Amino acid sequence: MRTENLTILFVDIAGFTATTNRQSRRQNASLLQNFESLLKPQIKKFSGQLVKSIGDALLLTFRSPTDAMLCACRMQDRLALYRQQHPDEQPIVIRIAAHLGEVRTARHDIFGEAVNLASRIEAVTPPGEIYLSEAVFLAMNKTEVQVQSAGQFQLDGFDHPLHLYRVQQDPGVELHFGSSRADLQANHMRKHWHLTSMLFKLIVTGK
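Residues numbered from 1 in each chain as written. Predicted model: local features only at pLDDT ≥ 70, side-chain atom pairs only at ≥ 80, totals over all residues. Heavy atoms only, no water.

Looking at helix H3 (residues 65–85)
Turn by turn, an α-helix covers 3.6 residues, leaving residues three or four places apart pointing in a common direction. In this model, H3 (21 residues) spans 30 Å end to end at C-alpha, consistent with the 30 Å of a helix rising 1.5 Å per residue. With a side-chain oxygen positioned 3.3 Å from the backbone nitrogen of Thr66, the residue opening H3 is Ser64. (Helix = DSSP H or I, 4+ residues; strand = E, 2+ residues; numbered from the N terminus. Expected span 1.5 Å × (residues − 1). Polar contact = N/O pair within 3.5 Å; in protein donor to acceptor, adjacent residues only side chain to side chain.)

Have a look at this one:
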């Protein structure tokens, strides 16, 4: 077992339990599959590590706190774009919480107080928002992601209130966390073209 200082992100679907109660098992499995397939390319783009999936939640780590927050913005905007393009489907709305601290790593998992704190921040993060700890705020590049104070929070299991921050949204633009619609669509088209090319090669060569 070894220790590392990492930025931890918890990503979960808001209102998932209520949604599950209204869906069949097949619909529920499809929603979770869609959730992961839309977010995994964004995680890869910013060099994130998917530690594990926990039901409707993803546990991620990043070596760069700035990349972690840029990825969080991109994930929110990717799902917002999907909701615009598929208004008849069950909407997927996520909350994202971030903390930076020392974790113990073993057997492709992470442990420690930093993980627990990230989970507690996730519990107070509103749907559609990105909350981060002061540790992330101090370490990140603030010119790349605009944040503002979210206030003091008394989190379960911690003796003193903690100051949290939230990533600012711009309601004047189509994707509130600042991602480019063209860039998101370009990434989707590149993936589609890659799969089409692989299928064509298989048909032509049989390999």
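Comments concerning unusual backbone geometry
You will see that Ser47, though not glycine, has its phi angle at about 60°, which is positive. The residue Ser47 is located in the loop between helix H2 (25–45) and strand E2 (49–54) in this model. Judged by relative accessible area, which is 58%, Ser47 ranks as exposed. Unusually for a residue other than glycine, Arg107 sits at a positive phi of about 55°. With respect to the secondary-structure elements, Arg107 resides in the loop between strand E4 (94–106) and strand E5 (109–111). (Buried < 20%, exposed > 50% of the residue type's maximum accessible area, 1.4 Å probe, protein only.)

Considerations on the pairing of strand E3 (residues 57–62)
Counted residue by residue, E3 has six buried out of six residues, so it is predominantly covered. Inspection of the sheet shows strand E1 (residues 2–13) paired to E3 by six bridges, in the antiparallel sense. Considered in E3, the bridge of Thr7 is made with Phe62. Here five bridges tie E2 to E3, and the two strands are oriented antiparallel to one another. Pairing of Ile54 across the sheet is with Ala57, part of E3. (Pairing = 2+ DSSP bridges.)

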